[in-house]
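Overview (structure and organization)
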Amino acid sequence: MQKNRQIPYQAITRHLLFWLAYILYQCVNNGWEDKDVFAFKLDPQLSTSVPICMLVTYLNLYVLMPLFYYPQKYMQYAIGMLVLILIGGLLPRFFAYAIWVPWDKIHDPAMFKMEKTDFWIPVRIFKNAAGNAPVLFIAMLIKLMRNAYQQEKNMREMEKEKFNAEMGLLKAQINPHFFFNTLNTLYALTLKGSEQASKVVLRLSDLMHYMLYEASENKVLLQDEIKHLENYIGIEQMRFADRLELSFQYSGDIAGKMIAPLLLLPFVENAFKHSLAESDGWITINIKVIGNRLFLKVENSYQPLPKPANYGLGLKNVKRRLELTYPDHYELVLNQNNGIFEADLKLDL
């Protein structure tokens, strides 16, 4: 609400500064005239010429442009501008004839004797119109530049909102997918009466805390993301200890490095899903950080299926998130060959 109150004051201030600059220019211009001497002269005729200039300027900005220029009715706009420029030439001449000629007759008789007292003096009218035209077009140019800037700003904000909405949707798709698999693990251990069920609950609690309170950020610490993977892998190891051969290691300087949350999980999740679908399996997970570049390689066994391989919702989402969050800053290769599925990710952190 406070922001809405400030906007009109800012606009008024900009307009006041514009017209103040115009008045100062006129005073300096009137001061030196043709004498090549810098001086400052506040001419009484500014009391009529400035309002006239303001009138034609604002008629153009807030009447002609909305009616004709923005709707691209350029012929009507050109006619309207010609009429407006003519008005800008006639009105000063009218006030000169009605006010300033009688004023000179009383206060400056010498000037009055030199002054033409006729109303219709085409050269004077043209001069008045030409004097208003630069201000008219400068104000129009400023208005168009501000409109273009505002449109660009609005477009960027819309793109940002779209980006955030799409990222939120992708995260929302990841979380239920992950928890569905984890709850299946917990359910299987519960049916077996395993003492490890309580450990799964504890790890699951840590994962939920991470997703609810940390993964909502745009970026998280890489070491927290790796800890999140360790919790997930620990849960799956409890379930498939007798069927799974697993190697998980990471190396390099991960301290202080940031990464988009939940970005690495789908690769690991997919490996567990497909390597243990039908029989025993193996998984190798290797994370390496060199400078600001992350290398992730996940390999797992898989059983060839009669249907084309479907890498699942998780990998489809992570591809889209990579496109949105790290455009032109990642390389992702997915391969299936000889009973091995390989995901190779290179990412600029």
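Read on for an overview of the structure.

The rules we used
- Per chain, residues are indexed from 1 in the order of the written sequence.
- Local features in a predicted model are, by the rule used here, given only for residues with pLDDT of at least 70; side-chain atom pairs are given and counted only at 80 or more, and totals for whole chains, interfaces and linings are based on all residues.
- Computation of side-chain values covers all heavy atoms of the structure but excludes hydrogens and water.
- Working definition: rings of Phe, Tyr and Trp (its six-membered ring) pair if their centres are within 6.5 Å, and the pair is stacked with planes under 30 degrees apart, edge-to-face with planes over 60 apart, and tilted otherwise.
- Burial classes follow relative accessibility: with a 1.4 Å probe on protein chains only, a residue under 20% of its type's maximum area counts as buried, one over 50% as exposed, and anything between as partly exposed.
- Throughout, nonpolar core names a set of buried Ala, Val, Leu, Ile, Met, Phe, Trp, Tyr and Cys residues whose side chains join them through atoms within 4.5 Å.
- Secondary structure elements follow DSSP: runs of H or I of four or more residues count as helices, runs of E of two or more count as strands, with numbering from the N terminus.
- Contact definition: two residues touch when any of their heavy atoms are within 4.5 Å.
- By the convention used here, strands pair only if DSSP detects at least 2 bridges between them.
- Comment: axis = line fitted to C-alpha atoms, over the contacting stretch for helices; angle = value between 0 and 180 degrees taken between N-to-C directions.

**Digging into the packing of aromatic side chains**
What the rule picks out here adds up to 9 aromatic pairs. Centroid distance Tyr 69 to Tyr 70: 6.0 Å. Interplanar angle 75°. Geometry classified as edge-to-face. Note on Tyr 69: relative accessible area 23%, which makes it partly exposed. For Tyr 70, a relative accessible area of 37% corresponds to the partly exposed category. Taking the centre distance of 5.8 Å and the plane angle of 70° together, the rings of Tyr 69 and Tyr 74 count as edge-to-face. Judged by relative accessible area, which is 45%, Tyr 74 ranks as partly exposed.

**Side note on the nonpolar core**
Within the largest apolar cluster, 39 residues are counted, with the highest numbers of intra-cluster contacts made by Ile 259, Leu 264, Leu 294 and Leu 296. Sorting the residues of this core by element identifies helix H6 (196-213), helix H7 (222-240), helix H8 (265-275), strand S4 (281-290), strand S5 (293-301), helix H9 (312-325) and strand S7 (340-348) as the ones contributing at least two each. Broken down by element, the residue count for this core peaks at 6 residues, all from H7. Other than its neighbours up to four places away in sequence, Leu 264 contacts Leu 222, Glu 225, Leu 229, Ile 259, Ile 287, Leu 294, Leu 296 and Leu 345. Val 56, Leu 61, Tyr 77 and Leu 136 belong to the second-largest nonpolar core, a separate cluster that totals 10 residues.

**Quick word on the pairing of S5**
Two elements, S4 and S5, share 8 bridges in a ladder whose sense is antiparallel. The residue bridging Asn 286 from the neighbouring strand is Lys 297, located in S5. Hairpin connection of S4 to S5: 2 residues between the antiparallel strands, including Gly 291 at a positive phi of 65°.

**Focus: the sheet that holds S7**
On the basis of which strands lie adjacent, the open sheet formed by 5 strands has the order S2-S4-S5-S7-S6 and mixed pairing. One side of each edge strand has no neighbouring strand; the edge strands of this open sheet are strand S2 (244-252) and strand S6 (330-337). Adjacent strand axes in the sheet meet at a mean angle of 5° when their direction is disregarded. Sheet topology note: the S2/S4 ladder contains 9 bridges and is parallel. Residue Leu 244 lies in a different strand from S4, and its bridge partner there is Gly 281. Lying on the sheet, H7 is in contact with S2, S4 and S5; it crosses S2 at an angle near 170°. This element, H8, spans S2, S4, S5, S6 and S7 of the sheet and lies at about 10° to S5.

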